[in-house]
Amino acid sequence: MKDELAKRLVQGLKDAGINFVTYLPETRLSQILPLLRDDPDIELIGAASEQEAVTIAAGATLGGKQAAVYMENTGIYVSSYSLLTIGKQLGVPILLVVGYLGGVPDQRNSFLYATIGRHTIPTLEGLGIDYMLLNDGERLEINIGDAMRAANAQRAPYALLFAGEFSV
Amino acid sequence: MIRHECLELLAVKITDQLVVTSQSGQRIEWSHLSKHEGNLLVGMMGCGIGVAMGLALALPHRKVIALDSDGSVLLSLFNLATLGNLRPKNLVIYVFDNGVYSGSRISYPTATSGNTDLAGMARSAGIVNAHTIRDIEDFKDRGMEALSRGELAFFVCKVEESLLHREIPRPNTDLAENKYTFVRYLERTEGKTIPFLGRG
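Rules used in this analysis
- Residues numbered from 1 in each chain as written.
- Chains lettered and ligands numbered in written order.
- Predicted model: local features only at pLDDT ≥ 70, side-chain atom pairs only at ≥ 80, totals over all residues.
- Helix = DSSP H or I, 4+ residues; strand = E, 2+ residues; numbered from the N terminus.
- Rg over C-alpha atoms; globule rule 2.2 N^0.38 Å.
- Contact = placed C-beta atoms within 7 Å.
- Nonpolar A, V, L, I, M, F, W, Y, C, P; charged D, E, K, R; others polar.
- Buried ≥ 20, exposed ≤ 12 C-beta atoms within 10 Å, placed from the backbone.
- Pairing = 2+ DSSP bridges.
- Axes fitted to C-alpha atoms, helices over the stretch in contact; angles between N-to-C directions.

### What about the overall build of chain A?
Within chain A one finds eight helices and six strands. The C-alpha atoms of chain A give a radius of gyration of 14 Å, which matches the 15 Å a tight globule of 168 residues would have. Taken along the three principal axes of its C-alpha coordinates, chain A extends 40 × 35 × 30 Å. Long-range contacts, defined as pairs at least 24 residues apart, comprise 76% of the intrachain contacts of chain A with a sequence gap of at least 6.

The structure is reproduced here in C-alpha cells:
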C-alpha cells in the first residue's frame, strides 16, 4: 500500500470518530500501525488474539469510545465467537478494519491464502455481519464514515475488507 | 470457601465501581445479590475479562471489577499476557475457581483441579499482583484491600463447588436491557454521551 493511502485510511478512521483501536498486526495494511501509534488522538492497544481484540474494543465502546479492531481476515475466524456473542448478541458497534488476504482482488494472493480468502465473506454472512469491500482509494474516507455510521445504527460490528490497491 | 460468601462481602463494598461478570454461576449469584446499575452481566464464557479490560482502559479513573471462573479464564488465557503488559491500574479480577465445569451439570474437572496454577500463570505473564486465595479471611484481607489500591490485581479464589446458583432465580433482564441500563448509568455518572446511542 502506498504511504499516501495509509495516511488517508488513518485519517478516515479519525474523521469517522475512531479514537480507540485494538489490533494484531498483519501484512497488507501494516503501514497504518506506526501512524496509529504516533497519533495522540488514538489509543492503540495490542492484543494477543483477535478474539481478545474484539472483547477489549467492545468494552471500550461501552465505556464511551468509538472503537475499531484492525486484523487479518484470519482473525474473523479466530474472533467469530466474540463477534457473535458480544458484537451481535449483546449489540456493540465495532468497526473491523480487515486485511483481506486470499480473495480474488488480493494482489499478493497465492496457495497460502486462497482458502482463507475463499471463506471470509461466507463467514461474515453466516455471522450476520455486514461488510464493504474496498479495492482502491476512491471514496475511501466516505466509505469508512458510512461503515462506522452503519455499525452504530445497527449496534453491531461492521467489516471493511481491504484488498486491491491496499494489498500491493 | 464458598463463592456466595465472597460475593456477599463484595456486594456491600460496591458504590460506583463497574462490575463485569462472565457466564457461570457467579453471574446468577451476583445479579441476585446486587442490583447495581453498573453491573454488566456478560453472558458468555471467555469474554468477561476482555470487556472489563476495555472498560478499564476507556475509563481509567473508574474502578472496574471482573468476576470470572476457572473454565472461563482457561478459554481466554491470552488475556493474561495482555493484562501482564498493559497492567491497567483500575482493574481487579476475581476468578472463582471450583476446579470443575459446574455449569455442565456433570461437573467434569477443569485443568485447575490437576496441575494448572492460574495465579502462577498470571504472574509469569507479568501480572505482579496475582495471588491464590484459599480462605475467607484472606479474601476479606487481600481480596477486599485491592479495591482501594491503584494496582491491577488478579485473585484466584479457590472455592468449593456450590450449586446454590441453581436455587436462585435467574436474572430475567435480557442482555440488551442490561447493556442499556449500564451505558445510561455511565452517561449519568460520567456526564458524557455514549456515542453509539445516537438520536432517534
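Still more to cover.
### Structural notes on the interface of chain A and chain B
One widely used convention gives an interface's size as the accessible area the parts lose upon coming together. Each side of the interface is counted separately: chain A has 29 residues, and chain B has 28 residues. Mapped onto the side of chain A that touches chain B, the elements with two or more residues apiece are β2 (43-46), α3 (50-62) and α5 (80-89) of chain A. Here the side of chain A that touches chain B gets nine residues from one element, more than from any other, and that element is α3(A). In terms of residue class, the side of chain A that touches chain B is built from twelve nonpolar, 13 polar and four charged.

### Examining the pairing of strand β3 (residues 64-69) of chain B
Residue and element names in this part refer to chain B. Of all six residues making up β3, six are buried, and the element is well covered by its neighbours. Residues V64, A66 and D68 of β3 are buried on one face, and the alternating residues I65, L67 and S69, pointing to the opposite face, are buried as well. Here strand β1 (residues 18-21) pairs with β3 via four bridges, running parallel. Directly across from V19, in β3, lies its bridge partner I65. As paired strands, β3 and strand β4 (residues 91-97) are joined by six bridges and run parallel to one another. In the sheet register, V64 faces β4, and the bridge partner there is L91.

### Comments concerning the pairing of strand β1 (residues 20-23) of chain A
Residue and element names in this part refer to chain A. What you see with β1 is no split at all: F20 and T22 on one side and V21 and Y23 on the other are buried throughout. Of the pairings in the sheet, the one linking β1 to β2 comprises four bridges and is parallel in character. Paired with T22 across the two strands is I45, which belongs to β2. Pairing analysis gives four bridges linking β1 to strand β3 (residues 67-72), with the strands arranged parallel. Among the inter-strand pairings, T22 is bridged to a residue of β3, identified as V69.

### Points about the sheet that holds β1(B)
Residues and elements named next belong to chain B. Spatially, β2-β1-β3-β4-β6-β5 is the arrangement adopted by the six strands of the open sheet, whose pairing is parallel. Each edge of the open sheet carries a strand with a single partner, namely β2 (39-41) and β5 (130-133). The sheet shows a mean angle of 15 degrees between the axes of neighbouring strands, direction not considered. Relative to strand β6 (residues 153-158), β4 runs parallel, the two being bridged by six bridges. By the bridge assignment, F96 is partnered in β6 with C157. Across the sheet, helix α3 (residues 48-58) touches β1, β2, β3 and β4, and the angle it forms with β3 is around 175 degrees.

### Notes on the sheet that holds strand β6 (residues 157-162) of chain A
Residue and element names in this part refer to chain A. Taken in spatial order, the six strands of this open sheet run β2-β1-β3-β4-β6-β5, and their pairing is parallel. With one partner strand each, in any of the chains shown, β2 and β5 (130-134) form the two edges of the open sheet. Averaged over all pairs of adjacent strands, the angle between their axes in this sheet comes to 20 degrees, without regard to strand direction. Pairing geometry for strand β4 (residues 94-99) and β6, over six bridges, is parallel. Note on β6: the bridge partner recorded for V98 is L161. Against the sheet, α3 touches β1, β2, β3 and β4, its axis set at about 170 degrees to β3. On the sheet, helix α8 (residues 140-154) packs against β4, β5 and β6 and is oriented at approximately 155 degrees with respect to β6.

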